[in-house]
Amino acid sequence: SSGINAEYGGKHLENDELTTVRRNLQTQGVDVPYEIICTVWEKLYKVTFLSRALSSAQQCRKAFYHRNIACNAVECNDVVLFWRATRMLETTCNALRLQIMNTEAQRLEQEVKQYLEELSRDEENKKKLITGKRVDLAEELRKVRSIQDKLELFIAELNKDQ
C-alpha cells in the first residue's frame, strides 16, 4: 500500500512525503503503516490549523482593542471562522436539545398510556377512583345546583303570574 495518497480537507501528504515519514520512523525503530501516518497527519493538520487561526484571532483582538485594525491592515477572517463555528455549535446544541425533549415527551406519553391502560383493566381500582368522598360531594353539589336552578325557575314563574 505504498501508493496511498492521504487527502484531508484540501491538505494532503504526497506519496513521497508518506514514504519519507515512514522511513524516518523506521530509522527510529518504529514500523508504522501508511494508514496510521495519514490518521496522525489529519489530527496534526487540524490542530495546527486551529492553533494558527486562534493565534490570528487573538492578534485581531489585540489590534481591535488598540484601534489598529485600519493602520496595520490586520485581516480578521479567523474571527468569522470562530463565530461561524460557535453558531454551528449553538444550532447543533439546540437541535439536540429539541430532539431530547421530543424523545422524552414521547417516552412520557407512552408511560402515561401504559399506566392508564393498567388502570382501565383493574375494575376495583376504577371503582375506587370513581367513588370516594370527593366524588360523592361533587355529585351532591351537582344535585344541589340542579335543585337551586329549578327553584329559581319556579320563583321566576311565580313572579310572572303575580
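Quick caveat, the model's predicted, so the values are computed rather than measured.

Quick look at the overall build of the chain now. The number of helices and strands found in the chain is six helices and two strands. Considering the chain as a whole, with its 162 residues, one finds that 9% of them fall into the buried category. Partitioning the contacts of the chain with sequence separation of at least 6, the portion at a separation of at least 24 is 40%.

Here the focus is the nonpolar core. Residues L13, L18, V32, Y34, I37 and C38 constitute the largest nonpolar core, which totals six residues. Among the elements that make up this core, the one with the highest residue count is helix α2 (residues 34–65) (three residues). Once you skip the residues sitting within four places of it in the chain, I37 turns out to touch L13, L18, V21, R22, L25 and V32.

On to a nonpolar patch on the surface. Taken together, the side chains of L151, F154, I155 and L158 make up a nonpolar region of the molecular surface, amounting to roughly 370 Å² of accessible area. Here F154 shows up in helix α6 (residues 133–161).

What follows is about the environment of R22. Its place among the elements puts R22 in helix α1 (residues 15–27). A relative accessible area of 23% means that R22 is categorised as partly exposed. The residues touching R22, leaving out its near neighbours within four places in the chain, are D31, V32, P33, Y34 and I37. Among the polar contacts listed, one links the side chain of R22 to the backbone oxygen of V32, at a separation of 2.9 Å.

With that out of the way, let us pick up the packing of aromatic side chains. Per the counting criterion, the structure on display carries one aromatic pair. Stacked on the ring of Y34, the Lys or Arg R22 has its end atom at 4.8 Å from the ring centre.

Glancing now at the environment of V80. Mapped onto the secondary structure, V80 falls in helix α4 (residues 77–121). When the C-alpha positions of V80 and A57 are compared, they lie 8.9 Å apart, and in sequence the two are 23 residues distant.

Before going further, it helps to examine the pattern of salt bridges. Evaluated as defined, the whole model comprises eight salt bridges. Between R107 and E104 there is a salt bridge, with the nearest N and O atoms lying 2.3 Å from each other. Linking R107 with E104, this pair stays in helix α4, spanning three residues, or about one helical turn. Across the pair R107 and E111 runs a salt bridge whose closest N-O atoms are separated by 2.2 Å. Of this pair, R107 and E111 both sit in helix α4, four residues apart, which is roughly one turn of the helix. Several salt bridges converge on common partners, so that one network encompasses E104, R107 and E111.

As a further point, take the confidence of the model for the chain. Interpreting fine coordinate detail is not advised for predicted regions of low pLDDT. In the predicted model, the chain carries a mean pLDDT of 83, and the fraction of residues at 70 or more is 88%. No element of the chain has a lower mean pLDDT than strand β1 (residues 6–8), at 42, and none a higher one than α6, at 91. Taken as a whole, residues 1–10 scores under 50 in pLDDT and shows 24 contacts with residues more than four places along the chain or in a different chain.

Reading the values: rules and limits
- Residues numbered from 1 in each chain as written.
- Predicted model: local features only at pLDDT ≥ 70, side-chain atom pairs only at ≥ 80, totals over all residues.
- Heavy atoms only, no water.
- Helix = DSSP H or I, 4+ residues; strand = E, 2+ residues; numbered from the N terminus.
- Buried < 20%, exposed > 50% of the residue type's maximum accessible area, 1.4 Å probe, protein only.
- Contact = heavy atoms within 4.5 Å.
- Core = buried A, V, L, I, M, F, W, Y, C linked by side-chain atoms within 4.5 Å.
- Patch = residues over 30% accessible without salt bridge, like charges linked within 9 Å, V, L, I, M, F, W, Y side chains within 5 Å.
- Areas by Shrake-Rupley, 256 points an atom, 1.4 Å probe, with all protein chains shown as cover.
- Salt bridge = Lys/Arg side-chain N within 4 Å of Asp/Glu carboxyl O.
- Polar contact = N/O pair within 3.5 Å; in protein donor to acceptor, adjacent residues only side chain to side chain.
- Phe/Tyr/Trp six-rings, centres within 6.5 Å; stacked < 30°, edge-to-face > 60°.
- Lys NZ or Arg CZ within 6 Å of the ring centre and 35° of its normal.
- pLDDT = per-residue confidence, 0-100.

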